[in-house]
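Read off the chains here:
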Amino acid sequence: MKQLSLSIITLAVVVGFTACQKNNLAVDTALVPASAAKFNTSVLQSTYYVRASGVPFSLPVGVTTVSDKARTINLTYASNTGAAAGVQYNGPATITIPAGKALDTLRVTGIFAGYPLASRVDTLRVTVGGGDVPKNDYNNTYTIIMRKLCDVNLTTLSGSYTKTREYQNTGTLAYGPYTTQVIGLASTGASSASGKIRNVYDWDWADLTVNLDWTNPLAPTATIPLQRTFGSDAYSVRSTPGRPNTFSACDNTITITLDFLNAAGAVTYSGYQIQMVK
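**Observations concerning the sheet that holds strand S3 (residues 57–63)**
Within the open sheet, the 4 strands sit side by side as S1-S3-S7-S5. Their pairing is antiparallel. The strands lining the two open edges of the sheet, one partner per strand, are strand S1 (37–39) and strand S5 (89–90). Both S3 and strand S7 (residues 103–110) contribute to a ladder of 6 bridges, which runs antiparallel. Counterpart to Phe-57 in the pairing with S7 is Val-108.

Below, the structure written as structure tokens:
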């Protein structure tokens, strides 16, 4: 009986110890999280201004655990606006997280020549994950809005605009093409300048003063302050409020929309647009 009791006790201890081992194994395994790749940022969309200087767009890419080995992570790119690798942008197919590290930097470079017009805007979605590390359940896709941005060069903006056209306020072509000229542009501040436009209206008007402002580089303005034309027409002109009065340092264009005022200061015609193109 003693031997039988001792055997039962021994068996119970062995079974209990084994059960503890299994439970501990399960707990230990659960405490080791699976490694996953993600963009290490809380903001998942930004605008990237593609400049001639070729400055890349940088993004922090990380993994959720540190390893004693270097790990390669795959990157995929997609654009519903038609941005193409090697034409509008360049980006690596993989990125390597060094051993002992959890973070590295992805660099996507916009191709300035791929944006011949400033009006082009692309959406590029970058997804991280695959290779040695799968993607995380969140923060795995980043959206880059890509658009061209040019530094304002007063010398480039000056000179002849040989494809100047005029439009009625309905958008109908009224006259042109003909040549206008921008002369005497001079800086009036860190992001402003003033000069004259010659041969506006292709009549015997005096040169019109134009004020340029690019404090907001995405919405530069070309304002015509109220002034007499001093030609055979006894008019004054000014920029039409709320209508396009802008310029593009990328495309070398200036658009001014004018109100015509009579000698009494009354507006006789509003919204006459002049588009100047080099």
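**Some points on the state of the cysteines**
The bond known as a disulfide is covalent and runs between the sulfur atoms of two cysteines. Taken as a whole, this structure holds 1 disulfide when the rule is applied. With a sulfur-sulfur separation of 2.1 Å, Cys-150 is cross-linked through a disulfide to Cys-250. In this structure, the disulfide formed by Cys-150 and Cys-250 twists by about 115° around the S-S bond and is classed as right-handed. Of this pair, Cys-150 sits in the loop between strand S9 (141–148) and helix H2 (154–157) while Cys-250 sits in the loop between strand S17 (246–248) and strand S18 (253–261), and the two are 100 residues apart along the sequence. Residue Cys-150 is classed as buried on the basis of its relative accessible area of 17%. Among the residues examined, Cys-250 registers a relative accessible area of 18% and is labelled buried.

**Things to note about the sheet that holds S9**
With mixed pairing, 5 strands are arranged side by side in an open sheet as S2-S9-S8-S4-S6. Edge positions in the sheet fall to strand S2 (45–50) and strand S6 (94–97), since each has one partner strand and no second. Neighbour-to-neighbour, the strand axes of this sheet turn through a mean angle of 30°, independent of strand direction.

**What to know about the pairing of S18**
Of all 9 residues that make up S18, 9 are buried, and the element is covered over most of its length. Side chains Thr-253, Thr-255, Thr-257, Asp-259 and Leu-261 of S18 all project onto a buried face; the interleaved residues Ile-254, Ile-256, Leu-258 and Phe-260 project onto the opposite face, where all are buried too. With 4 bridges connecting them, strand S16 (residues 236–239) and S18 associate as antiparallel partners. When the sheet's bridge partners are listed, Arg-238 is paired in S18 with Asp-259. Here S17 pairs with S18 via 3 bridges, running antiparallel. In the sheet register, Phe-247 faces S18, and the bridge partner there is Ile-254. The hairpin turn running from S17 into S18, its antiparallel successor, is 4 residues long, and Asn-252 in that turn takes a positive phi close to 55°.

So, how was this worked out
The residue count restarts for each chain, going from 1 along the sequence in the order it is written. Per-residue local features are limited, in this predicted model, to residues with pLDDT of at least 70; the limit for side-chain atom pairs, both in listing and counting, is 80 or more; totals at the level of whole chains, interfaces and linings are taken over all residues. The basis for the side-chain values is all heavy atoms of the structure; hydrogens and waters are excluded. Here, strands pair whenever DSSP counts at least two bridges between them. Put simply, DSSP H or I for four residues or longer makes a helix, DSSP E for two residues or longer makes a strand, and each gets a number counted from the N terminus. Two cysteine sulfurs form what is called a disulfide whenever their separation falls within 2.5 Å. Only protein chains enter the accessibility calculation, which uses a 1.4 Å probe. A residue is then buried if its area is under 20% of the maximum for its type, exposed if over 50%, and partly exposed in between. Helix axes are fitted to C-alpha atoms over the stretch in contact, other axes to C-alpha atoms as well, and angles between N-to-C directions run from 0 to 180 degrees.

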